[in-house]
Amino acid sequence: MANKALVATKVGMTQLWDDDNCVVPVTVLRVDDCRVTRVRTMEQDGYTAVQVTYGHRDARKLNKPTVGEYERAGTDPGVRLVELRLDDVSELTVGTQLGADLFRSGELVDVTATSKGKGFAGTMKRHNFAGQRASHGAHRVHRAPGAIGACATPSRVFKGTRMAGRLGGQKVTTLNLTVVEADADRGLLLVCGSVPGPKGGTVIVRNAVKMPAGASAGTAPAQV
């Protein structure tokens, strides 16, 4: 489980140049007034986590239970409430501000977001099928999936068979991305690589829990 985490908003992608004058593609994440609204402990709740919110929202547009959550925490209403599971919450209290400086340059992080929804997609787009041949008698079946292996035995389609269906719109976690820059003054976190989800989507950033071989705690592995 993670030791530290925060909620950010995906702004988009850009690029930077490192000390060797090489282009580094980065995703810009905006940390907008992320603050703790509740602390869950093992003694009281059976697990350790913190409930946070970010941004600001008009209280008149929220239902009464949600408004009560913010009033109990003594903080202004935010865009939404997000719970972050953490190993240790002893140093966190209600009202604690979580900024971009929670992470430092060179640290490995995991990012979780909802991927872009692409609607109903065929097998070539959804599962990278090669498709049917384009000649030798093939007639308008170029993007068809082909046989699925069901006949008199077993007289059914096995669960999990790769077929057409809805693509995207699922919870996705990208592991071991490197923090290129953490700007607390502007509330920006620049992460090397791609982050799932569209622009404006909510992203959960936490320290890496499955670091690759050769990487120490909180740092990226050495490049060979």
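Residues numbered from 1 in each chain as written. Predicted model: local features only at pLDDT ≥ 70, side-chain atom pairs only at ≥ 80, totals over all residues. Heavy atoms only, no water.

Peer 1: Where do I start with the overall build of the protein chain in this structure?
Peer 2: When its secondary structure is counted, the protein chain shows three helices and twelve strands. Here the protein chain has a C-alpha radius of gyration of 23 Å; the compact-globule value for 224 residues is 17 Å, and the former is much larger. Overall, the protein chain is about 70 × 55 × 35 Å in size when its C-alpha atoms are taken along their principal axes. Every one of the 224 residues in the protein chain was classed for burial, and the buried ones make up 33%. Pairs at least 24 residues apart make up 68% of the contacts formed inside the protein chain by residues separated by at least 6 positions. Put simply, the protein chain shows about 13800 Å² of open surface, and 50% of that area lies on carbon and sulfur atoms. If you average the places of the 30 positive and of the 21 negative side-chain charges in the protein chain, the two averages end up 18 Å apart. (Helix = DSSP H or I, 4+ residues; strand = E, 2+ residues; numbered from the N terminus. Rg over C-alpha atoms; globule rule 2.2 N^0.38 Å. Buried < 20%, exposed > 50% of the residue type's maximum accessible area, 1.4 Å probe, protein only. Contact = heavy atoms within 4.5 Å. Areas by Shrake-Rupley, 256 points an atom, 1.4 Å probe, with all protein chains shown as cover. Lys, Arg positive; Asp, Glu negative; His and termini not counted. Charge placed at Lys NZ, Arg CZ, Asp CG, Glu CD.)

Peer 1: What am I meant to see in the nonpolar core here?
Peer 2: Side chains that are nonpolar tend, in soluble globular proteins, to be buried together. Ranked by size, the top nonpolar core spans 31 residues in total, and within it Leu6, Val50, Val52 and Val205 carry the most contacts. For this core, the leading source of residues is strand S1 (residues 5-17), giving four residues. Discounting residues that sit within four places of it in the chain, Val52 has contacts with Val7, Cys34, Arg35, Val36, Thr37, Arg80, Leu81, Val82, Leu84 and Leu98. Within the second largest apolar cluster, five residues are counted, among which are Val24, Val28, Leu188 and Leu190. (Core = buried A, V, L, I, M, F, W, Y, C linked by side-chain atoms within 4.5 Å.)

Peer 1: I tried to follow the pairing of S1 on my own but got confused; where do I start?
Peer 2: Consecutive side chains along a regular strand alternate between the two faces of the sheet. Note: S1 against strand S12 (residues 202-207), five bridges, orientation antiparallel. In the sheet register, Val7 faces S12, and the bridge partner there is Ile204. Both S1 and strand S2 (residues 23-30) contribute to a ladder of eight bridges, which runs antiparallel. Residue pairing in the sheet places Gln15 in a bridge with Pro25 of S2. (Pairing = 2+ DSSP bridges.)

Peer 1: Looking at this structure, how should I read the pattern of salt bridges?
Peer 2: Two side chains with opposite charge may pair up if their charged atoms get near one another. Scanning the entire structure with this criterion turns up nine salt bridges. Of the charged contacts, one joins Lys4 and Glu107 as a salt bridge, the two residues approaching to 3.1 Å between their closest N and O atoms. Note that Lys4 is positioned in the segment before S1 and Glu107 in the loop between strand S6 (97-98) and strand S7 (108-114), a separation of 103 residues in sequence. The exposure class of Glu107 is buried, given its relative accessible area of 3%. We note a salt bridge from Asp45 to Arg40, for which the minimum N-O separation is 3.3 Å. Residue class for Asp45 comes out partly exposed when judged on its relative accessible area of 28%. Judged by its relative accessible area of 14%, Arg40 is buried. (Salt bridge = Lys/Arg side-chain N within 4 Å of Asp/Glu carboxyl O.)

Peer 1: It is not clear to me how a positive patch on the surface should be interpreted in this structure. Could you clarify?
Peer 2: On the surface, Lys116, Lys118, Lys125 and Lys199 cluster together into a positively charged patch. As for its placement among the helices and strands, Lys125 is situated in helix H3 (residues 123-127). (Patch = residues over 30% accessible without salt bridge, like charges linked within 9 Å, V, L, I, M, F, W, Y side chains within 5 Å.)

Peer 1: Explain a nonpolar patch on the surface to me, please; I cannot follow it from the model alone.
Peer 2: Taken together, the side chains of Ile148, Val157 and Met163 present a nonpolar region at the surface, about 220 Å² in accessible area. Along the chain, Val157 falls in the loop between H3 and strand S9 (165-167). Relative accessible area serves as the criterion here: at 39%, Val157 is assigned to the partly exposed category.

Peer 1: Explain the sheet that holds strand S4 (residues 49-53) to me, please; I cannot follow it from the model alone.
Peer 2: Two orientations exist for strands paired in a sheet by backbone hydrogen bonds: parallel and antiparallel. In space, the four strands of this open sheet follow the order S5-S4-S3-S6, with antiparallel pairing throughout. The sheet is open, and its two edges are formed by strand S5 (81-85) and S6, each paired on a single side. As judged from the two bridges shared by strand S3 (residues 34-40) and S6, these two strands associate in the antiparallel manner. Its bridge partner lying in S6, Arg35 is registered against Gln97. Across the sheet, helix H2 (residues 64-73) touches S3, S4 and S5, and the angle it forms with S3 is around 90°. (Axes fitted to C-alpha atoms, helices over the stretch in contact; angles between N-to-C directions.)

Peer 1: Help me understand the environment of His127 in this model?
Peer 2: With respect to the secondary-structure elements, His127 resides in helix H3. Spatially, the C-alpha atom of His127 lies 17 Å from that of Val141, the residues being 14 residues apart in sequence. Residues in contact with His127, not counting those within four places in the same chain, are Arg162 and Met163. Here Met163 takes part through its backbone oxygen, which lies 3.2 Å from a polar atom of the side chain of His127. (Polar contact = N/O pair within 3.5 Å; in protein donor to acceptor, adjacent residues only side chain to side chain.)

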